[in-house]
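Coordinate inspection notes
Letter by letter, the chains look like this.
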Amino acid sequence: MAPADQSDHPQATSSHMMKTTKRGRPFLKDTLDLFATLIVSLHLTTHKQYFRTFPNSFSTDEAAQNLASLKFSQSNRGPDPRDKTRIVTTTTTTTFSMTREMAKAMCQHFMDARLIENAADPGVNLFKDRGTYILTPKGLHVLERFISKNGINSDHLQPVFASQPICIKLLHLERRSIDDEIIVTQSVITALFRRFVGRQANYPPQSSGNQDTFQDYHERSKGVPLMDVTERAQPLLSGKSTVSHKFCFAAVGALEWLCDFTSVVGREEAAEMAAQFVRFGLITLVSDKRKNNDSAIIFTVRGSAPGGNSPVSQQGEFRCTAKAIYKITDEGRRVAQWDDPRAQHSPHSSTTNLHAERSSLESGTTGATSKTAVDGSAVSAADAKIHRRISMAEKLNVTYEAGEKKGNKESNTERLNNILEEPSYRSLFREFLKANFCEENLSFWLDVEDFKRKFSITSSAMAAVPTGRQGARATPGQAAMEKHHTSLIRTAFEIYNKYLAPSSQNELNIDHGLRLDLAGYLSEVMTGLNGKTFDGQVDADHAASFNATQLQVLIKLYTRIQTHVFRLMATDSVPKFIKTQRFLDARQWIGESDSTDNDVLFLTSPPAPPGLGAEETGGAYITVSAKGSEREHRHQHRVIPGPSSSS
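In the annotation of an unreviewed UniProt entry, the chain is listed under the name Regulator of G protein signaling superfamily and assigned to Leucogyrophana mollusca.

Next comes the structure, spelled out in structure tokens:
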């Protein structure tokens, strides 16, 4: 490792116990981080149990062994404050240590949070001493975001992402920093309820038995499954022999749905949120036909009631029994906006765009104020204000005002940015470029973007190797840093050999001056490394000799070429692409859905920056899985009606 890659500061060590809640579970953020660290450290393979095989799974023993001493190393690269020409790498290593019993208890928390499940019997919510476990769609969502945020090499996990359903949109409810309890406000419950019931009443299709795992999960993700219930009536009260209830759901099914598609941890917390639905008059009990000797768990929540004709009461009660049936009330339907056609289709509706970007508070974006109180009365501005995100369809529309005012060149640049950020458009754009024999432009831009992100921050997770097996001088942090450095150099060389080397398979058509600058620099460096004249090809065997400062210069050259390629796509390809029928069809479809130019969508006002205001107001936001979203859009494009030509 070159001196420029080494930290000038000795490693500092500290230790602390994980914070736990009054229920005895670790705080949610620690739970999610430890879960993702464990999964990255594991090699998910095929396990056998009960004469069945389960791919991409792990055993109790494997989880306990890794959790016994789990190391997470993170390296950050940046310019040396004392010498801007040098790159300093700072590595932080966190070690988790626990006994086998503690490890099993931690895995039980993972199950309660619906991150993993028993592969042989998903209905069993007990982490057993001899079991086989797989990731849930929610677990894959959490894992994907952890990998992306921390720059982790996840090649060994790609088969899992490719073969299992992923939770596309996960609703997060903000928590108090002191005890990790969900902060309950009217706007938070409204946002949670709208996600819970979906845009439309979710009656499962009759042919659901013929659907595969992906289709079943997609149907569930639309909202809690509903049914109609017919019961015997009391003749003296109604004069009818039967009474029908629409928009009903099983109590247990509601708890399962909340655990699968939101950040609630366990059935207890899910039941508390369901009790809030009762308190706010959004759902009501239809029947509970349990026998007298059957036990019943009833959750009760309390809060202040506004008085008047408001449906909000001081108390809400939810019965967690197998026989309990609830239904959505008229007030719940009003809050869900099922009966408002404008809410179903308008890109301006609070149902379709009930979220905001962080920048909306800073850039002066006009926020539409909406009455989110279920009693119809105005609530506080901080609680009710909804910042409407400009929809992707608006941004890409050829008549979009801002683009027209700035002129065609800037307008196409803005459109290309949005195409690159939206998975569905990016997939269509790739197909268009491939048909026009210039797909390498997009591939190069994306590869360099990913390469730059990995250069800035990288992380690794591994089970600690016994002291006798590793070198006396190599710490886990140093080993991880050296491994990642070599990987970065190899990636840089692969990009060059794939797109920029003379006569390469995907050679870019770039400016002659840029090509000369790149060739001149590589000639200087490679000649210095091996003493031979540079022949236009770089050898991966020289990766260990390349230092971080040289790598940074190479990144700057790649970035210049990336900018050139971006302009080329914006001026030559985008104007043609946005006129294709497939793009027009996709734009119409996405305009009526929750497309995103960000992976975080705020359902309530974005939180204030740290240090502003002592009171924690709470909020709700959705994170979006890029992998899951792109997969769904690919499937959607296959069923979009209309011509499929891309010219």
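What follows concerns the overall build of the chain. The secondary structure content of the chain amounts to 24 helices and 18 strands. Nonlocal contacts in the chain, meaning residues at least 24 apart in sequence, comprise 71% of its contacts between residues at least 6 apart. For the chain, the accessible area works out to roughly 32300 Å², and carbon and sulfur atoms hold 51% of it.

A separate point is the sheet that holds strand β13 (residues 324-328). Across the sheet, which stays open at both edges, the four strands sit in the order β8-β9-β13-β10 with antiparallel pairing between neighbours. Of all the strands in the sheet, the pair left with one neighbour each is β8 (227-232) and β10 (283-288). Strand-to-strand twist in this sheet, taken as the mean axis angle between neighbours without regard to direction, amounts to 50°. The sheet contact formed by β10 and β13 spans five bridges and is antiparallel. Residue pairing for β13: Thr284 is matched across the bridge by Lys327.

Another point: unusual backbone geometry. A positive phi angle, close to 55°, is found at Tyr50, a residue other than glycine. By relative accessible area, Tyr50 is classed as exposed at 58%. Although it is not a glycine, Asn56 sits at a positive phi angle of roughly 55°. Within the element layout of this structure, Asn56 appears in strand β2 (residues 52-59).

In the structure shown here, the tally under the stated rule is 23 aromatic pairs. On the basis of an interplanar angle of 35° and a centroid distance of 6.1 Å, the ring pair of Phe58 and Tyr133 is categorised as tilted. Linking Phe58 in strand β2 with Tyr133 in strand β6 (residues 132-135), this pair joins segments that are 75 residues apart in sequence. Relative accessible area serves as the criterion here: at 1%, Phe58 is assigned to the buried category. Between Phe72 and Phe146, the ring centres sit 5.6 Å apart and the planes meet at 45°, which makes this aromatic pair tilted. Placement of Phe72 in strand β3 (residues 69-80) and of Phe146 in helix α4 (residues 137-150) is noted, with a sequence separation of 74 residues between them. Phe72 sits in the buried class, given a relative accessible area of 11%.

Attention now moves to the nonpolar core. One finds Leu135, Phe193, Phe196 and Phe318 to be the most contacted residues of the largest nonpolar core, which totals 91 residues. Sorting elements by how many residues they give to this core places helix α1 (residues 28-41) first, with eight residues. When residues no more than four places from it in sequence are discounted, the contact partners of Phe196 are Gly223, Val224, Phe249, Ala254, Trp257, Leu258 and Phe277.

Let us now look at the environment of Lys138. With respect to the element layout, Lys138 can be found in helix α4. Its relative accessible area of 4% is what places Lys138 among the buried residues. Separated by 22 residues in sequence, Lys138 and Ile116 have C-alpha atoms that sit 8.4 Å apart. Those residues in contact with Lys138 that lie beyond four places of it in its chain are Ala113, Arg114, Leu115, Cys167, Leu170, Tyr217, Cys259, Asp260, Thr262, Ser263 and Val264.

Let us look at the pattern of salt bridges. On inspection of all chains with the given rule, the structure shows 28 salt bridges. A salt bridge links Asp33 to Lys29; the shortest N-O distance between them is 2.8 Å. Separated by four residues within a single helix, Asp33 and Lys29 lie in helix α1, roughly one turn from each other. Put simply, Arg560 and Asp517 hold a salt bridge, and the shortest N to O gap is 3.0 Å. Here Asp517 lies in helix α21 (residues 512-530) and Arg560 lies in helix α22 (residues 548-577), a separation of 43 residues in the sequence. Its relative accessible area of 37% is what places Asp517 among the partly exposed residues. Here the residues in one salt-bridge network are Arg114, Arg220, Glu256, Asp260 and Arg267, joined through shared partners.

Their axes nearest at 9 Å, the elements helix α19 (residues 439-456) and α22 cross at an angle of 145°. The two elements α19 and α22 cross, and the hand of that crossing is left-handed. Touching Asn441, Leu442, Phe444, Trp445, Val448, Glu449, Phe451, Lys452 and Phe455 of α19 are Ala548, Leu551, Gln552, Ile555, Tyr558, Thr559, Ile561, Gln562, Val565, Phe566, Leu568 and Met569, all from α22. Of the residues that constitute the contact of α19 with α22, the class distribution is 15 nonpolar, four polar and two charged.

Looking now at the sheet that holds β3. With antiparallel pairing, three strands are arranged side by side in an open sheet as β4-β3-β16. Edge positions in the open sheet fall to β4 (83-97) and β16 (457-463), since each of these has one partner strand only. Geometrically, the sheet is characterised by an average inter-axis angle of 15° between neighbouring strands, direction not taken into account. As defined by bridge partners, β3 adjoins β16 across seven bridges and the pair is classed as antiparallel. Within the sheet, the bridge partner assigned to Phe72 lies in β16 and is Ala461. This element, α22, spans β3 and β4 of the sheet and lies at about 110° to β4.

As a further point, take the environment of Ser313. With respect to the secondary-structure elements, Ser313 resides in the loop between β11 (298-302) and β12 (315-319). By relative accessible area, which is 28% here, Ser313 ends up partly exposed. Linking Ser313 and Gly303, residues ten residues apart in sequence, is a C-alpha distance of 7.7 Å.

What counts, and at which threshold
As a convention, each chain's residues are numbered from 1 in the sequence order in which they are written. Only residues with pLDDT of 70 or above have their local features reported here, since the model is predicted, and side-chain atom pairs are shown and tallied only from 80 upward, although totals for entire chains, interfaces and linings are computed over all residues. To get the side-chain values, take all heavy atoms of the structure and skip hydrogens and water. Put simply, DSSP H or I for four residues or longer makes a helix, DSSP E for two residues or longer makes a strand, and each gets a number counted from the N terminus. Any two residues whose heavy atoms approach within 4.5 Å at even a single point are treated as in contact. Throughout, the Shrake-Rupley method with a 1.4 Å probe supplies accessible areas, and for residues the shown protein chains are the sole cover considered. Paired strands, in this sense, are two strands between which DSSP finds at least two bridges. Every axis corresponds to a line fitted to the C-alpha atoms, with the helix fit spanning only the stretch in contact, and the corresponding angles, defined between N-to-C directions, vary from 0 to 180 degrees. For the exposure calls, accessible area comes from a 1.4 Å probe over protein chains only, and a residue counts as buried if that area is under 20% of its type's maximum, exposed if over 50%, partly exposed in between. Note on ring pairs: Phe, Tyr and Trp rings are taken, using the six-membered ring of Trp, and paired if centres are within 6.5 Å. Classes follow the plane angle, with under 30 degrees stacked, over 60 edge-to-face and the rest tilted. Here the nonpolar core consists of buried residues drawn from Ala, Val, Leu, Ile, Met, Phe, Trp, Tyr and Cys, with membership extended through side-chain atoms lying within 4.5 Å. Only one rule defines a salt bridge in this text: a Lys or Arg side-chain nitrogen within 4 Å of an Asp or Glu carboxyl oxygen. Helix crossings fall into two classes, left-handed where the near helix is turned counterclockwise from the far one by less than a right angle and right-handed where it is turned clockwise. Residues were grouped as follows: Ala, Val, Leu, Ile, Met, Phe, Trp, Tyr, Cys and Pro as nonpolar; Asp, Glu, Lys and Arg as charged; and all remaining residues, including Gly, as polar.

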